[in-house]
Amino acid sequence: VEGTFLSETVGLISGNGGAGKSTLMMPLATCATLGLPWLGLAVKPGKALMLACEDDRRIVRLRQRWINSAIDIGMADVLDAGLDVIPRSGKDNTLMELDRAAWRMKRTQLMDQLEKRCRRTGIQLVIIDTVAKTFGGRVFEERHVTQFIDEMQRLAELIHGVVLLTQHPSMSG
């Protein structure tokens, strides 16, 4: 997104539960896939993948129908252009987990699958909704957080694109 998210970087969208992070990110993925402006901002066209860890298939389809209706485009057009929204509500979505023996983060099979899918399909925008569902380390252990972000940065560089993470702010602020 011009002037907002730069290529080969990781971004963070944070907001309270129910504030609309997922609702904001799906139109971004759709607009990026179709090369349309998002919130009035120019978007570099490219294939997009959204890992929707809090939403089931029914919610994802309903939300996408609303988006398609608002921009007057059919579902087949969006899918043919390369939009890939993966509903994963109720599943283990850990991308990086703590290796307690080494006290460091390690990739999971899901992270490997995500990377392979991005490489195979030419994904350039990855939206991970949410960090809480995908980070398997200790949030107050700075080293674990850094290793997770480093892995997301590696993915952004690998796809020559952007990785966006969504997160709920901490209860303590």
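Definitions and cut-offs
- Residues numbered from 1 in each chain as written.
- Predicted model: local features only at pLDDT ≥ 70, side-chain atom pairs only at ≥ 80, totals over all residues.
- Heavy atoms only, no water.
- Salt bridge = Lys/Arg side-chain N within 4 Å of Asp/Glu carboxyl O.
- Helix = DSSP H or I, 4+ residues; strand = E, 2+ residues; numbered from the N terminus.
- Buried < 20%, exposed > 50% of the residue type's maximum accessible area, 1.4 Å probe, protein only.
- Expected span 1.5 Å × (residues − 1).

Draft legend 1. Structural view of the pattern of salt bridges. Tallied over the full model, the rule gives 9 salt bridges. Taking the shortest distance from any N to any O, the salt bridge between Arg-117 and Asp-84 comes out at 2.7 Å. Of the two residues, Arg-117 sits in helix H4 (residues 109-121) while Asp-84 sits in strand E3 (residues 83-87), which places them 33 residues apart along the sequence. Residue Asp-84 is classed as buried on the basis of its relative accessible area, which comes to 16%. The shortest N-O distance in the salt bridge between Arg-154 and Glu-115 comes to 2.3 Å. Here the residue Arg-154 occupies a position in helix H6 (residues 142-158), and Glu-115 occupies one in helix H4, the gap between them amounting to 39 residues. On the basis of relative accessible area, Glu-115 is assigned to the buried category, the value being 10%. Each of Arg-107, Asp-112, Glu-115, Arg-119, Glu-151 and Arg-154 takes part in salt bridges that share partners, so that together they form one network.

Draft legend 2. Spotlight on helix H1 (residues 21-34). Along its 14 residues, H1 runs 20 Å from first to last C-alpha, staying within 8% of the 20 Å computed at 1.5 Å per residue. Of all the 14 residues making up H1, 10 are buried; the element is thus mostly covered by neighbouring parts of the structure. For H1, every residue scored as buried is listed here: Lys-21, Ser-22, Met-25, Met-26, Leu-28, Ala-29, Thr-30, Cys-31, Ala-32 and Thr-33.

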